[in-house]
Amino acid sequence: MTERALAPSTPRAADGLVWIDGDIRPIDGATVPLEDRGFMFADGVYEVLRAYAGRLFATHDHLERLARSAAGIRLALPLTTPEIGEVVVELMEQTGLGDAEVYIQATRGAARRNHLFPDVPGRLVIWVRPPRAMNADLWAKGCKAITLVDERWARCDLKTVSLLPNVLAKQAAYDAGAYEAVLVRDGFVTEGSASNLFLVLNGELVTPVADNRILPGITRAHVLRLAERLEIPFVERNVCDDELPLAQELFFTSTSLEVLGVAELDGRALAAPGPVTTRLAEAFAGHARGN
Ligand code: PDD
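So, a few notes on the structure that sits alongside this text. (Residues numbered from 1 in each chain as written. Predicted model: local features only at pLDDT ≥ 70, side-chain atom pairs only at ≥ 80, totals over all residues. Heavy atoms only, no water.)

Examining the layout of surface pockets
And step 1. Here the largest pocket defines a volume of roughly 1,200 Å³.
And step 2. Around the largest pocket, the lining is made up of 45 residues, and of these Tyr46, Lys159, Ala194, Ser254 and Ser256 lie nearest the centre.
And step 3. Secondary-structure elements contributing two or more residues to the lining of the largest pocket are β3 (44–52), β5 (100–107), β6 (123–129), α5 (137–141), α6 (164–175), β9 (188–192), α7 (218–229) and β13 (249–254).
And step 4. In terms of residue count, α6 provides more of the lining of the largest pocket than any other element does, four residues in total.
And step 5. For the lining of the largest pocket, the per-class residue count stands at 20 nonpolar, 14 polar and 11 charged. (1 Å grid on protein atoms, 1.4 Å probe; cavity = no way out; pocket = protein on both sides within 12 Å on 5 of 7 lines; lining within 4 Å. Points joined across faces, edges and corners; volume = space filled by probe spheres on them. Helix = DSSP H or I, 4+ residues; strand = E, 2+ residues; numbered from the N terminus. Nonpolar A, V, L, I, M, F, W, Y, C, P; charged D, E, K, R; others polar.)

Below, the structure written as structure tokens:
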């Protein structure tokens, strides 16, 4: 190997910085203890936010949901939500990033392995880094999706790091040549493996009701508000899986996907992005970027 190849690369703030229990360091190489409850038990909650051109989108909504998720698993956050917001702003400044992905994770801390709650402070990790590069073709042409059985627990409204069923569903979709899974529980459509789902049925926008079976997505909530503003009729209700083949349009929403049309579900072609999807995708893109 040449000397050049051996030279350690200098981490740059713009590659991402992480705040761990009060210290800020480059993401690359940052660690938490082996017995962190997040690692041992997936005992924690998280949030993913976006910043566009230096402007954070829906911070308040995300921090509110973080507090709700933490309360839902009886986890005391080590900082208040306004304090967490201040850390995020500090990291945005220190990285100098305009477009960024913000990740916040709180766990029940590190202690000798025991299922009972430990008597130690919780751990908070917050990072800011450039967003993942995405293939623009996906939005231009729409994605493929397959339906899968929703094998998750009964509190999908909490954003916990226990994501194994989501991981397995996403991988099964990928292995089937699809991008995302449409999850179905007891005959009812719930959501994607990492996104919420909308259908267009006879001109009406339909999305599964936000109960314990789905994560109340921040993008979902903003899309519903935009639909109201655009006078697109919409309803939140239980959706049967046998309604899926009747949908004229389908789309997923999430912080990282924004609004993504479905071009094929279980081998059936759909208009993607269809007219309602396109209107909402454009409206959301402008709204999230403050235009
Ligand atoms: N996922 N449903 C699930 C199961 C999710 O994991 C997500 C988000 C959503 C959409 O929520 P929001 O619009 O608030 O991002 C719905 C994030 C992005 C993730 O885990 O990376």
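Concerning α6
And step 1. With 12 residues, α6 extends 16 Å from end C-alpha to end C-alpha; this agrees with the ideal 16 Å at 1.5 Å per step.
And step 2. Three or more residues of α6 are buried, namely Asn166, Ala169 and Ala173. Each buried residue of α6 lies within a common arc of 65° when the element is viewed along its axis, so the set occupies one face. Among the exposed residues of α6, those oriented more than 90 degrees off its buried face are Leu164, Tyr174 and Asp175.
And step 3. Structurally, α6 contributes buried residues whose contacts are with β7 (143–149) and β8 (180–185).
And step 4. The first or second residue beyond α6 is Gly177, which carries a positive phi of 80°. (Expected span 1.5 Å × (residues − 1). Buried < 20%, exposed > 50% of the residue type's maximum accessible area, 1.4 Å probe, protein only. Arc of directions from axis to C-beta. Contact = heavy atoms within 4.5 Å.)

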